[in-house]
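# Chains, contacts and geometry: an overview
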Amino acid sequence: MRIAVIGAGIVGAAAAWELIKDGHEVTLIEPNEPGGRQAASYGNGAWISPASIIPMSMPGLWRKLPGYLTDRNGPLVLRWTALPALAPWLLRFLAAGWTVAKVERTARVLASILRDGPARHAVLAREIGRPEYIRQTGLLYAYPDRKAFDGEALAWRLRKDNGLDWLELDADELRQREPDLSSNYQFGAFVHEGAHCIDPGAYVGAIVDAARERGARLVKARATGFVVTGGCLASVVTDQGPIECDRAVICAGIWSKALAEAAGDRVLLASERGYHGVIASAAAGPKLPIMPSDGRMANTPTPAGLRLSGQVELSRPDAEPDWARVEILIAHALRTYPALGPRAGLTVDRWMGHRPSTPDGRPVIGMASASADIVHAFGHGHVGLASGPITGSIVADLIAGRTAGVDIAPFGASRFRFFGS
Ligand SMILES: Cc1cc2nc3c(=O)[nH]c(=O)nc-3n(C[C@H](O)[C@H](O)[C@H](O)COP(=O)(O)OP(=O)(O)OC[C@H]3O[C@@H](n4cnc5c(N)ncnc54)[C@H](O)[C@@H]3O)c2cc1C
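First things first, this report covers the structure right here in the doc. Just so it is clear, the model here is predicted, and its values are computed rather than measured.

Cut-offs and rules
- Residues numbered from 1 in each chain as written.
- Predicted model: local features only at pLDDT ≥ 70, side-chain atom pairs only at ≥ 80, totals over all residues.
- Heavy atoms only, no water.
- Core = buried A, V, L, I, M, F, W, Y, C linked by side-chain atoms within 4.5 Å.
- Buried < 20%, exposed > 50% of the residue type's maximum accessible area, 1.4 Å probe, protein only.
- Contact = heavy atoms within 4.5 Å.
- Salt bridge = Lys/Arg side-chain N within 4 Å of Asp/Glu carboxyl O.
- Helix = DSSP H or I, 4+ residues; strand = E, 2+ residues; numbered from the N terminus.
- Polar contact = N/O pair within 3.5 Å; in protein donor to acceptor, adjacent residues only side chain to side chain.
- Near = heavy atom within 4 Å.
- Nonpolar A, V, L, I, M, F, W, Y, C, P; charged D, E, K, R; others polar.
- Axes fitted to C-alpha atoms, helices over the stretch in contact; angles between N-to-C directions.
- Parallel < 35°, antiparallel > 145°, perpendicular 65-115°, else oblique.
- Left-handed = near helix turned anticlockwise from the far one by under 90°.

## A few points about the nonpolar core
Counting 59 residues, the largest nonpolar core has L19, Y203 and V249 as the members making the most contacts within it. Ignoring any residue separated from it by four or fewer positions in sequence, one finds V249 in contact with I3, A4, V5, I6, L19, V375, A377, V395 and I399. Counting residues in hydrophobic clusters, the runner-up holds 42 residues, among them L76, L78, F226 and V267.

Given below as structure tokens:
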């Protein structure tokens, strides 16, 4: 079949690769560089974590909302100006984490697409001939003490319930593994199944290059809609003219909302803006990717430098970046690895991007309402790098008419039917 894949972030690249393997004629439609700075896939924390099954919305979150509106230095900030537009999303977000039972369900659903993320990435990187992009080093969650870890008992219980194992480290064991880590951290949970990518943007570019070598076409254009006649897809409309095809896949990250609507589905999708600062030639830092519990950020060693990524900023997607958020990440890192500083001596590459987030933390994957020839594959929020390959394989299964190895009912766009805006 002739298949148009809209968007070349990690999801589009992985989908294109799986579709090429199935023998289809694939056209990738992307207005920018695949995996370039515009994409969330470029600047993420690079974690491929089977532990990332805990949704953002947890019971009791509503009590913290006033703080998020007023505290400019916390890990989550909500802009007053964005409130009216975000209200439907926010209400659904709070509802998604209202009870423990709801969060248990979300964790189960997310586990179904995150459990084998490291293994799938290892296979994908090998298939494209670039195994070096994925490192199976494990991932470390660092806490001030055991009490702080116990304070997240629900999250770790959910991980245990979903089959995840980890190794608990006391202060000495933590220091042996991470000599530069501040003594403010006395307890760790090491998830040995976890992996990371050493350069997510370049990795996406390499997947697209490999797909092109096997015959995929890359068209520099922006998709704007679809021509559907009698329920059958005729073409994808782009700013460079129509592209005729038999099937189309919407995987344009945060920019998917309008395309989904053109395909008959109104979805709740908001940008949880996030930031990174990459410190080149860092004099100190972690040996393994570390998430310090008090910073809610990923500290990932990469060949380009120490990548500090995090922050959730609920704001208009087109608002100017607030670079103070990167300074918050750097200030935290200076406390986490005291030998890093001082700030004045550091060269930092700053980046802001858009997590394509649904309020319930689940991506949107499945056939579109206007035509079963259009497949949704977007809304991966905080876990799109880790779940990109499995999404690509579900897309290929749907298009081939095979049963996907994962129950995709929880990912359907119809769950927004009464709430879409
Ligand atoms: C700070 C931060 C940290 C994160 N950390 C992690 C992490 O550690 N692990 C993890 O798993 N996930 C993480 N994420 C989330 C992850 O990065 C995203 O979920 C994922 O990259 C989304 O991929 P995507 O392909 O859907 O979208 P994107 O990567 O945003 O790609 C979408 C592409 O579509 C293109 N496009 C846009 N409009 C159109 C159009 N009309 N026509 C054609 N193409 C179009 C864009 O140019 C872009 O290239 C993080 C995100 C952020 C912001």
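## A look at the pattern of salt bridges
Counted under the stated rule, the structure contains 25 salt bridges. E104 is the partner of R157 in a salt bridge, and the nearest nitrogen-oxygen pair spans 2.9 Å. Pair noted here: R157 is in helix α8 (residues 153-161) and E104 is in helix α5 (residues 100-114), with a separation of 53 residues, a long-range link. R157 sits in the partly exposed class, given a relative accessible area of 33%. Between D397 and R402 there is a salt bridge; the shortest N-O distance is 2.7 Å.

## Some points on the side chain of D360
Note on placement: D360 falls in the loop between β19 (348-357) and β20 (364-367). Exposure remark for D360: the relative accessible area of 7% places this residue in the buried category. Among the polar contacts made by the side chain of D360, one reaches the side chain of T358 at a distance of 3.1 Å. Reaching out from D360, the side chain makes a polar contact with the side chain of R415 at a distance of 2.6 Å. Leaving out residues up to four positions away in the same chain, D360 has contacts with A96, T106 and R415.

## A short note on the environment of I399
Turning to its location among the elements, I399 is positioned in helix α13 (residues 384-400). I399 sits in the buried class, given a relative accessible area of 7%. Sequence spacing of I399 and V375 is 24 residues, and the spatial spacing of their C-alpha atoms is 8.1 Å.

## Brief notes about the site of the ligand
Around the ligand, 35 residues are found, and the nearest of them are E30, S41, W47, G381 and A386. Here an oxygen atom of the ligand sits 3.1 Å away from a polar atom, N or O, in the side chain of N32. Between A40 and the ligand, the recorded distance is 3.0 Å, taken from a backbone N or O atom to an oxygen atom. Split into classes, the residues belonging to the shell around the ligand amount to 19 nonpolar, 13 polar and 3 charged.

## Looking at the packing of helix α6 (residues 117-127) against α13
Interaxial distance between α6 and α13 falls to 8 Å at its minimum, and their mutual angle equals 70°. Relative to α13, α6 is oriented roughly perpendicular. Crossing hand, α6 versus α13: left-handed. Residues G117, R120, H121 and L124 of α6 touch α13, and the partners they reach there are L385, A386, P389, I390 and S393. Counted by class, the contact of α6 with α13 contains 5 nonpolar, 3 polar and 1 charged residues.

## Quick word on the packing of α5 against α8
Each packed pair of helices is defined by two parameters, the angle between the axes and the distance between the axes. The N-to-C vectors of α5 and α8 enclose an angle of 45°; their axes lie 10 Å apart at closest approach. By the angle class used here, α5 and α8 are oblique. The two elements α5 and α8 cross, and the hand of that crossing is right-handed. Contact with α5, carried on its side by V100, V103, E104 and A107, involves L154, R157 and L158 of α8 and no other residues of that element. Within the contact of α5 with α8, the residues separate by chemical class into 5 nonpolar, no polar and 2 charged.

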